Each structure stands twice: as C-alpha cells, then as structure tokens.
Amino acid sequence: MTGALPAVIGVILATVVIGGAVAAVAVREQRIAILGVLVACAVGPFLVEPLPDPRGLLARIVGAIIAAYVLLIAVRDGPEVDSHANSGWPAMALAATTAAAAVFMAGAGAPPGAEGQSDGLVEAPSLALAGGTALLVLAASPILLARSALRLTLGLLLAVTGTFLVVGGAVGPATPLTGLAVAGLLAVLAASGSLLHRIAYRSRIQPARR
Amino acid sequence: VNVPGLAALALGLGVLGLLARRHPRTPWLIGLAGFAMLLLATWTLDRGEPTPFGGEVFVATAYIRLFLVLLTVASGVLTVVAWAASLTPALPGAMLTWFGAASLGLSVSDPVPAIVVLTAGAMVPTLAGLPFGTDHAAGELRRVVRALAVSALIACLATAVAGLVGVLAEAPVPGGAGSLGADGDGLRAGGLGLAFLGAATALGLRAGAVPVHRWVGRLTDSLTAPALPVILAWGPAAFAIVLLGWSKDALGPGANTDALLVERLLVGAVGLASMVLGAAAAFLHDDLAHVVAYSLVSDAGVLLLAFASLDTAALAPARTWILVYVVVRTAFAGWAAAVMLAYGTRRVPALRGWARRSPLLAAGLVVVAVATVGLPGMAVFDARLRVIDLALPDPFNLLAWVGIVVSVGYFGRLLANGVRRPSAEVQQAVGVQPVWPGGRPSRDLGVLRGQLSTAIRLNFGPAAALAVLALAILGLAVAAGAFEGPAFAAEPRV
C-alpha cells in the first residue's frame, strides 16, 4: 500500500477484517457471529501485499463462504443466541486494535529513510502483519476458553486467517495451492464444528468445561 | 501416475467410501479395493519427476514413495481388522482421504501448504473415528480438533518467523550491514530460536508429547483402537517428515553452532521426558487402548529428539525410524483391536492367558516388540541410537535407554500376562480359533458355497490376527532395513 489511496483502502479493509472478527467473538447472536467470521476470512487475504494470485484469492473466498454456510446449517434449528460469546465487544475491539497498532507501528512506524528502517521491507506487509496479529489476539480467547463447539470453531477460523495474514506479511503472498489448502482447512474446520454443535444441540447438554 | 493424480484418486475413493458409510459392506469393500489400487498406483509413481501444480512443485522421492506404499499396506490391514470388529464404517473412507492428503503434503516442497494439507486431511479420520452421539465423544473431539489446528498454525507461524529472519538477514541496505543492523547475529539467533521452539511445540502437540499429551490420553477413551495410529502415528510421522526437512533448510546455516544450544537442550529434555514417561505410563496402564496411546506418546519423544538434534546427520536415521514407527505402531494398534475383538475386553488383567488361546496374536505381539525395540545391528536400533546421540549430550543420552528398557517392560508385561492361567473372560471367549463349519469342506459346490459364507463369518477374529501378524512381519522387515529404507531415507528431500 504505497500510494495515498491504496493506503486508505488498506486501512479500511483492515478495519473491516478486525470488525468482522470482533463480531465473531463478541456477539451473542450466532448468525451475526458467523457473518463476522465470513467477512474476516473472505476479506483478510486482501490485506497481503502484493495481492496473492487470483486463483488463491478465489479459493479463500469460496472456502470462507463454504465454512460460513456449513456453520449456518448447524445453527439453523438451534437457539439464536448462546451464552458462550465473550462479553464486552469494546474490550475485544480495544485489545485487537492495540495489538494491530503496536505491530503496525513497530513494522512501519518509523519514517521512511529513518535509521533502522529497511526500505520497503516491512512497510508494505505491515498491514497484513497488524491485521493478522489482531485476529490472533481475538481468536485466543475462544480457542483457549470456549465451552461451545461453535465458538471454538469461530476462534479457529479466525486463527487460520490471522496466521496466514502473518505468514503473508512475513514471507510474501501465498501460492494458489496454499490458498486452496487454507480454503480446505477452513471448510473442514467448519464441518467439524458444525457436527459437534449438532451433537451438543441434539443431546441438549452443553459440553462441560474440561 | 504423478502425485496430484494419486491424490485425486485417493480423495475420490475416500469421498465415495464416506458417502457409502451407511451401507453394511460397501465402505469396507471400497476400502480394500481402494488401497489395492493405491498400492499399485504408488508403486508406479513417477519417481523424482517434478510436477508443477498450483504454483508449487510436487516431487515423489523414493523415500516418500516407500512411505506411501507402507501406508497403503498398513491401511489395508487396519481395514480388515476394523471390518472384522464391526467398527465405524466411515473409517476406510477417512483413511483413503487422509492418504490423499498425505501424498500431497509429503511431496510438496513448501512446508506451509504441506502442513495445512496434512492437518485438513487429519481432521477427516478424527471425525470418522469417534463413536458419535454422545456429548462425551463430542467433548473429546473438540479437544482433538483444537490440538490439530493449533499445532498446524504454530508450525506455520514458526516457518513465517524463520522466513522473516531469513529475509531480513539477506536484505541489502545502504549501510551494507544487513537489515538486522550491528546486532544482526544476536537477533538472527533469537528469531531462529523462536522459530525452532515454535516448530518443536507444534510437533510435540501434534504427536502428543509430554507435557502436552493430555488430549491423547483422553481421546483414547472415545476412539476405536484402529483409528489410533491414523491420528496419533501417521499424522505426526508426516508432520515430522515435513518439519525435519524444513528445519534443515530454514534453520540450517549456523544451526549446529552454540547459538541454539539452550533451545535444543530444552526440546531434547522434553523429548527425553516424553520418551521415558510415555513408556512408563504404557507399562502402568491397565487399559489396552491406553497402552497403545502412551506407547505413541513415548514415540513422540523420539520425534522431538530427532528435531532437537538440528543436524543433517540425524535426518536419515530419523526418517528411517519414522518408516518403522508407522508400520509397527499400526500393527500394535491392530493387535490391540484384534485382542479386544477376540475377548470382548480391553482390561489387561481380564486378558490373563490370552496368548495361550491365541498363538497368532502372541506371535504378532512378539514380532511387534522386536521390531519396536530392535536388536543391535537392526536398522531401527541403530537409527534410534544415532538420533539420541546427536540430540543429547553425554550422559543424558544414557537416560534415553531407560525409555527403551521400559518399552521392553510393557511388551513383556502383556506377554507375561498372556501366558498365565486364563481368566474367565478368556476361557469363555468364542471365535478365537479358526473353524470350518461341518468340520471339513464339502464336495458339493452348493454346500461348499454356504460353508464358505459361514466360515468367513465365523473367522473374523483369526483373520484379523493373521492380518496383524502379516503387518508385524512387514514392520520387522522394515526395522531390519529391508526395501532399501535406510538408503532412501538418506536421499535429499525435495
């Protein structure tokens, strides 16, 4: 994102991704949480600079849509809200924004040409690194603490997207095969979460905290 | 046949097997026919021919081809055992799907897509191997899915950190000192150390090493025994092959210096602890499935030691040991399933005297024990010894022998229990010995056909025992260095 307009677009995209992720972990309405994860997973790959191969991008978008659809099937017959969301979206948003800002400033905060700043090396991908770090921070809570399969799955989907933003920011855009593999992982994770959610719903017993 | 073609065939068969899972026989037949086809296809795989696909290059080295061949045989035997025990019919389809993912993941040069493909592939047998319908099983599966996904993500992040360090170190800057500045060496070592620890954590979590083994032990309560090696041996083996190859390249220059000494010692200590404590837990547990699971925890220690050595000289012995590990642990899990099928219990004390009534199973366990522990001069023995010596300094490498001795102990305990006076469960078990309906085959073709059908139904147990013995013998051959395993393992990776 070197020009003024692309930089603005990049920041807007990052805001959308982080906003979607905050919704995914903090909103109690399940469908909105799934929509949030769809937005984060589908828009996330666009933060990597240079943009990955269109085939890889398409695969990631399709993977995100399939994942969201599979999760929507799971929650179709269940209650619309659950009690497993992390309460306090402002706190989640603040944590994610702080993490993103810290990484962004560490990577690209120094003015161009300043001592210690490598030209174009960490400046361009820092948006992907920042966005990826924010997603990983948001995903940590549901992955470590979630008592619900759905919430765990949402956290894992965000973690996958966050991880590949960090990987893209660190070592460059993914190949189409990597995009396809990540899309497959998103779909398989969603399928497992969907299956587990259905089992828990059918047995009418919430998985106990272990 | 090239790698993407092989993977497409396996994935197609896997999906077919999963779709047919509600039919009583079809998924098993698809499994057996599928693995026979895959054995043939893998045998004729284009060796060393690069196949570009999706921006990556696939190369099936001789080692990968041998690994996949052994996997097809092991999968075929597990299919026989699981069918005999009437276990979940989704298992053959899941194993075929995993095979497809493994063939892709092991042949691609870039570790990131390899790890992702292997992880996605491992989810399928996880989903298919558990008896669903209970909240307990769902809770266990939640834990497995989390462990698989998190280990993969940590490994990918580790590769990213190493990649970033590499990029920064090589980037030219006007001052000419490198992007990392005057403290470049220290920063580089720190970054590589972080990547190394991340990758080791991922491998430990994926393989169920101590202290992140909790999910393995609890999973065993819900998982059927034949599904154990699919999740706990094949997956970690493939993961380790990818990470060992990656570490040699990414952490290579300077990795053998003292820069990563502390990290290496830390991972080595964890590997040693896993090796010893896993074997001790296998010795102490009374549940047969737990014995198998904790023996795999012990093996996870060897994988970590191989990773900790960070020495190119350790790569070939580690890969040799992995070949044996995959086949022999599959035979051990198959043996446990066959014992449970024969005697209807998985409690070791209740299985007293099993070896007296099941000589085939007794022979199978003896062969598994010899192939696992090895004897001086056998490839598996020398390979493990080399890995330990390269990973651990004196005198800590001697401690690893404790783990090996305890491994002998749990096999010895099972065998000693088997030759004692039979328990009530063992005495009352039926279908343990091979039988032929009517005493001998009839000369009347119509009657013979009926006898054959009945004989198949009556001999599921002995057939499973025979299949396990055959696989154990194959494992022993690999452990002895057959099929050019050590030579192929020494060939350079993609």
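Residues numbered from 1 in each chain as written. Chains lettered and ligands numbered in written order. Predicted model: local features only at pLDDT ≥ 70, side-chain atom pairs only at ≥ 80, totals over all residues. Heavy atoms only, no water.

Peer 1: Teacher, can you tell me more about the overall build of chain A here?
Peer 2: Counting its regular elements, chain A contains 7 helices and 0 strands. Along chain A, from the amino end to the carboxyl end, the secondary structure elements read α-α-α-α-α-α-α. Scored against the burial criterion, the 210 residues of chain A give a buried share of 54%. Taken as a whole, chain A presents about 8,800 Å² of accessible surface, with 70% of it coming from carbon and sulfur. (Helix = DSSP H or I, 4+ residues; strand = E, 2+ residues; numbered from the N terminus. Buried < 20%, exposed > 50% of the residue type's maximum accessible area, 1.4 Å probe, protein only. Areas by Shrake-Rupley, 256 points an atom, 1.4 Å probe, with all protein chains shown as cover.)

Peer 1: Help me understand empty space enclosed by the protein, please; the structure alone is not making it clear to me.
Peer 2: Taking a probe equal in size to a water molecule and rolling it over the atoms shows the remaining empty space. Residue and element names in this part refer to chain B. One pass over the full model with this rule turns up 1 cavity of 30 Å³ or more. If you add up the space inside the largest cavity, you get close to 140 Å³. Forming the walls of the largest cavity are 18 residues, and the residues nearest its centre are Asp299, Trp321, Arg329, Thr372 and Arg384. Going through the elements one at a time, helix H11 (288–309), helix H12 (312–343), helix H14 (359–373), helix H15 (379–391) and helix H16 (396–418) are the ones with two or more residues in the lining of the largest cavity. Looking at which element gives the most residues to the lining of the largest cavity, the answer is H12, with 5 residues. (1 Å grid on protein atoms, 1.4 Å probe; cavity = no way out; pocket = protein on both sides within 12 Å on 5 of 7 lines; lining within 4 Å. Points joined across faces, edges and corners; volume = space filled by probe spheres on them.)

Peer 1: What exactly am I supposed to notice about H14 of chain B here?
Peer 2: Every α-helix carries 3.6 residues per turn, so stepping three or four residues along brings you back to the same face. Residue and element names in this part refer to chain B. Look at H14: 21 Å from first C-alpha to last across 15 residues, which is about the 21 Å you get at 1.5 Å a residue. All buried positions along H14 are accounted for by Leu361, Ala362, Gly364, Leu365, Val367, Val368, Ala369, Ala371, Thr372 and Val373. Where the residues of H14 are buried, they touch H12, helix H13 (354–357), H15, H16 and helix H19 (460–479). Of the residues flanking the end of H14, it is Gly374, one or two places downstream, whose phi is positive at about 80°. (Expected span 1.5 Å × (residues − 1). Contact = heavy atoms within 4.5 Å.)

Peer 1: Sorry if this is basic, but what is going on with the confidence of the model for chain B here?
Peer 2: As a general rule, the predicted coordinates of low-pLDDT regions are not to be interpreted in detail. All names here are of chain B. Chain-level statistics for chain B give a pLDDT mean of 86 and a share of 92% at 70 or above. A low-confidence stretch, residues 173–178 (pLDDT under 50), is modelled with 4 contacts involving residues beyond four sequence positions or located in other chains. Across the assembled chains, the prediction reports ipTM 0.87 with pTM 0.89. (pLDDT = per-residue confidence, 0-100.)

Peer 1: What is the right way to read the state of the cysteines from this model?
Peer 2: This model, assessed by the stated rule, comprises 0 disulfides over all chains. In this model Cys41 of chain A remains outside any disulfide bridge; the closest cysteine sulfur is found in Cys156 of chain B, 15 Å from its own. Accessibility expressed as a relative area gives 3% for Cys41 of chain A, which makes it buried. On the basis of relative accessibility, which here comes to 0%, the residue Cys156 of chain B falls in the buried class. (Disulfide = S-S within 2.5 Å.)

Peer 1: Before we go on, may I ask you to explain a nonpolar patch on the surface in this structure?
Peer 2: Together, Val8, Ile12 and Val16 of chain A make up an exposed nonpolar region whose accessible area comes to about 240 Å². Turning to its location among the elements, Ile12 of chain A is positioned in helix H1 (residues 4–26). (Patch = residues over 30% accessible without salt bridge, like charges linked within 9 Å, V, L, I, M, F, W, Y side chains within 5 Å. Salt bridge = Lys/Arg side-chain N within 4 Å of Asp/Glu carboxyl O.)

Peer 1: Sorry, what's going on with the nonpolar core here?
Peer 2: Residue and element names in this part refer to chain B. Formed by 236 residues in total, the largest nonpolar core has its most connected members in Phe67, Trp234, Ile322, Phe332 and Trp335. By residue number, the principal contributor to this core is H12, which donates 21 residues. Each residue touching Phe332, except ones within four places of it in the same chain, is listed here: Val291, Val292, Ser295, Leu365, Val368, Tyr410, Phe411 and Leu414. (Core = buried A, V, L, I, M, F, W, Y, C linked by side-chain atoms within 4.5 Å.)

Peer 1: Help me out: how do you make sense of H12 of chain B in this one?
Peer 2: Residues and elements named next belong to chain B. Between the first and last C-alpha of H12 there are 47 Å, a value that for 32 residues agrees with the 46 Å anticipated at 1.5 Å per step. With 28 of 32 residues buried, H12 is to be regarded as a mostly interior element. The backbone nitrogen of Ala313 lies 2.9 Å from a side-chain oxygen of the residue at the head of H12, namely Asp311. Once H12 ends, the next one or two residues include Gly344, with phi positive near 65°. (Polar contact = N/O pair within 3.5 Å; in protein donor to acceptor, adjacent residues only side chain to side chain.)

Peer 1: Explanation requested: the pattern of salt bridges in the structure shown.
Peer 2: For side chains bearing opposite charge, pairing can occur when the charged atoms are close. All names here are of chain B. Applying the stated criterion across every chain, the model contains 4 salt bridges over all chains. Between Arg329 and Asp299 there is a salt bridge whose closest N-O contact spans 2.4 Å. Of the two residues, Arg329 is situated in helix H12 and Asp299 in helix H11; the sequence distance between them amounts to 30 residues. For Asp299, a relative accessible area of 7% corresponds to the buried category.

Peer 1: Quick question: what am I supposed to make of the packing of helix H1 (residues 3–19) of chain B against helix H4 (residues 91–107) of chain B here?
Peer 2: A packed helix pair is summarised by two numbers, namely the angle formed by the two axes and the spacing between the axes. Residues and elements named next belong to chain B. One can describe the packing of H1 onto H4 by two numbers: an axis separation of 7 Å at closest approach and a directional angle of 160°. Our classification of the angle between H1 and H4 gives roughly antiparallel. The hand of the H1/H4 crossing is left-handed. Of the residues in H4, those in contact with Val3, Pro4, Leu6, Ala7, Ala10, Leu11, Leu13, Gly14, Val15, Gly17 and Leu18 of H1 are Gly93, Ala94, Leu96, Thr97, Phe99, Gly100, Ala101, Ser103, Leu104 and Ser107. Residue composition of the contact of H1 with H4, grouped by class: 14 nonpolar, 7 polar and no charged. (Axes fitted to C-alpha atoms, helices over the stretch in contact; angles between N-to-C directions. Parallel < 35°, antiparallel > 145°, perpendicular 65-115°, else oblique. Left-handed = near helix turned anticlockwise from the far one by under 90°. Nonpolar A, V, L, I, M, F, W, Y, C, P; charged D, E, K, R; others polar.)

Peer 1: Got a minute to help me understand unusual backbone geometry in this structure?
Peer 2: Glycine aside, the phi torsion of most residues is negative, and most peptide linkages are trans. Here Glu49 of chain A and Pro50 of chain A are connected by a cis peptide whose omega angle stands at -5°. With respect to the secondary-structure elements, Pro50 of chain A resides in the loop between helix H2 (30–43) and helix H3 (54–75). Backbone torsion omega between Val210 of chain B and Pro211 of chain B reads 10°, so that peptide bond is classified as cis. Look at Leu310 of chain B: it is not a glycine, yet its phi comes out positive at around 50°. Along the chain, Leu310 of chain B turns up in the loop between H11 and H12. Taking the relative accessible area as the measure of exposure, Leu310 of chain B reaches 9% and is therefore buried. We note that Glu484 of chain B has phi near 60°; this positive angle belongs to a residue other than glycine. Topologically, Glu484 of chain B is positioned in the loop between H19 and helix H20 (485–489).

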